[in-house]
Amino acid sequence: MVRPTARKKLRNPKLKVTRRRANKARTKKYAAHPLLRELWDSKLTVSENYRNLGLVSRLNGVSGGTAVDITATSAADASAGPGIEAGMSEEEIKKAIPQGYGYIERDAEGNVVKVIVPDEDDANQDPLDSDYEVEPEAPKKEGARLLEQFALEYETRREKWISTGERRILQDFIDKHSDNYEAMFWDKTLNRQQLTARQIQKRVEAYLVEKDKALGPAPTA
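Here, residues in each chain are numbered from 1, in the same order as that chain's written sequence. For this predicted model, a pLDDT threshold of at least 70 governs which residues receive local features, and a threshold of 80 or more governs which side-chain atom pairs are given and counted, while totals over whole chains, interfaces and linings are taken from all residues. Calculated side-chain values reflect all of the structure's heavy atoms, with hydrogen atoms and water omitted.

1. Quick word on the overall build of the chain
Summing up its helical and strand segments, the chain has eight helices and two strands in all. Only DSSP runs of H or I reaching four residues or more are called helices, and only runs of E reaching two or more are called strands; each is numbered from the N terminus. Reading the chain from its N terminus to its C terminus gives the helix and strand order α-α-α-α-β-β-α-α-α-α. Between buried and exposed lies partly exposed: a residue is buried under 20% and exposed over 50% of the maximum accessible area for its type, with that area taken using a 1.4 Å probe on protein chains only. Per-residue burial for the chain yields a buried fraction of 14% across its 221 residues. Partitioning the contacts of the chain with sequence separation of at least 6, the portion at a separation of at least 24 is 37%. Areas reported as accessible are Shrake-Rupley estimates using a 1.4 Å probe. Residue values count occlusion only from the protein chains shown. Put simply, the chain shows about 19,300 Å² of open surface, and 52% of that area lies on carbon and sulfur atoms. Whether two residues are in contact is decided by their heavy atoms, any of which lying within 4.5 Å being enough.

2. A look at the nonpolar core
Buried Ala, Val, Leu, Ile, Met, Phe, Trp, Tyr and Cys residues that are joined via side-chain atoms within 4.5 Å together make up what is termed a nonpolar core. If you look at the biggest cluster of nonpolar residues, it comprises eleven residues: Ile-162, Leu-170, Phe-173, Ile-174, Tyr-181, Met-184, Leu-190, Leu-195, Ile-200, Val-204 and Tyr-207. Elements with a minimum of two residues in this core: helix 6 (164-177), helix 7 (181-186) and helix 8 (197-215). Each residue touching Phe-173, except ones within four places of it in the same chain, is listed here: Ser-178, Met-184, Leu-190, Asn-191 and Ile-200.

3. Points about unusual backbone geometry
Located in the positive-phi region is Ser-178, a residue other than glycine, with phi close to 55 degrees. Tracing the backbone through its elements, the reader meets Ser-178 in the loop between helix 6 and helix 7. Taking the relative accessible area as the measure of exposure, Ser-178 reaches 46% and is therefore partly exposed. The phi dihedral of Gln-194 is positive, around 55 degrees, even though this residue is not glycine.

4. Let's talk about a nonpolar patch on the surface
A residue counts toward a patch only above 30% relative accessible area and without a salt bridge, and it is joined to like-charged neighbours within 9 Å or, for Val, Leu, Ile, Met, Phe, Trp and Tyr, to nonpolar neighbours within 5 Å. For salt bridges, the criterion is a side-chain nitrogen of Lys or Arg within 4 Å of an Asp or Glu carboxyl oxygen. The grouping of Ile-104, Val-112, Val-115 and Val-117 at the surface amounts to a nonpolar patch, some 340 Å² of accessible area in total. Relative to the assigned elements, Val-115 resides in strand 2 (residues 112-116).

5. Considerations on the pattern of salt bridges
As enumerated under the stated definition, the model contains four salt bridges in all. Where Glu-142 meets Arg-145, a salt bridge forms, and the shortest distance between an N and an O atom there is 2.6 Å. Taken together, the residues span about one helical turn, with Glu-142 and Arg-145 both in helix 5 (residues 142-153) at a distance of three residues. A residue is classified by how much of its surface remains accessible, and Arg-145, at 35% relative accessible area, is partly exposed.

6. A short note on the confidence of the model for the chain
Interpretation of the predicted coordinates at a detailed level should be avoided for regions scoring low in pLDDT. Confidence of the predictor in every single residue is expressed as pLDDT, which spans 0 to 100. Overall, the prediction assigns the chain a mean pLDDT of 75, with 64% of residues at 70 or greater. At the low end of the mean pLDDT range in the chain sits helix 3 (residues 75-79), at 46; at the high end sits helix 7, at 94.

7. Section: the environment of Ile-174
With respect to the helices, strands and loops of the structure, Ile-174 is situated in helix 6. Linking Ile-174 and Met-184, residues ten residues apart in sequence, is a C-alpha distance of 8.7 Å. For Ile-174, the contacting residues outside a window of four places in its chain are Met-184, Val-204, Tyr-207 and Leu-208.

8. Concerning the pairing of strand 2
Within a regular beta strand, the side chains point alternately toward one face of the sheet and then the other, so they alternate between its two faces. Pairing of strand 1 (residues 103-106) with strand 2 involves four bridges; the strand directions are antiparallel. Within strand 2, the position partnered with Arg-106 by the bridge is Val-112. Any two strands with at least two DSSP-identified bridges between them are counted as paired. If you look at the hairpin formed by strand 1 and strand 2, you'll find five residues sitting between the two strands, and Gly-110 has a positive phi there, around 95 degrees.

9. Focus: the environment of Leu-170
Relative to the elements of secondary structure, Leu-170 occurs in helix 6. Leu-170 gets classed as buried once you look at its relative accessible area, which sits at 4%. Sequence-distant contacts of Leu-170, defined by excluding residues within four places in its chain, comprise Ile-162, Arg-203, Val-204 and Tyr-207.

10. A closer look at the packing of aromatic side chains
Working definition: a ring pair exists when centres of Phe, Tyr or Trp rings (six-membered ring for Trp) sit within 6.5 Å. Plane angles under 30 degrees give stacked, over 60 give edge-to-face, the rest tilted. Enumeration according to the criterion identifies two aromatic pairs in this entry. Seen from their ring centres, Phe-185 and Trp-186 are 4.9 Å apart, and the 70 degrees between their planes marks the pair as edge-to-face. Residue Phe-185 is classed as partly exposed on the basis of its relative accessible area, which comes to 28%. A residue is classified by how much of its surface remains accessible, and Trp-186, at 61% relative accessible area, is exposed.

11. Looking at the environment of Arg-192
Relative to the helices and strands, Arg-192 is located in the loop between helix 7 and helix 8. By relative accessible area, which is 72% here, Arg-192 ends up exposed. Looking at Arg-192, its side chain comes within polar contact range of the main-chain oxygen of Thr-189, at 3.2 Å. We call two N or O atoms a polar contact when they sit within 3.5 Å, provided that within protein one can donate a hydrogen and the other can accept it, with sequence-adjacent residues counted only if both atoms are side-chain atoms.

In structure tokens form, the structure reads like this:
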């Protein structure tokens, strides 16, 4: 039986059969940030490299496919929830819990010992509000530290501006509800984007500042 290479040679005697070289299009190319080139290990996957650098490859988390070392997790750490570590004080746990959630502390037998709920008057704990900001923490690994330092040195803030359509809507808010931001929030006709009262307040205040710069302060009665 004729081999495939020999069959090709019979069809075209001038064809020179050589050893197949590596396809350049299929070779791995480094596509991450230049600062991380020296810390990048090409033998590892992207997720493993990101984990070693102190970064996350997916902002929404992983739904599966990752192995968890059960033996490395102690009983104290297993009782803690996401973002909560063993040995944290009650005030630290309150700050780590988002608004609307709670933390249940149990004993060794599974009985409820304490229930910790964040303070209701703390508006910064609402993760659904776009104004919610997480307190900055020092990076734990070299890769994250380099990227954070680069962002601080070369950060360029984009100047915010208000479009004509948004100005018209904000002016309608002011004409109809004055400074009652809670009423603006419940206004189904004007609040089509379903903004929170705090979001509306920030946009109205920015619009009034921009309006004062353009037309001057409004005359007082």
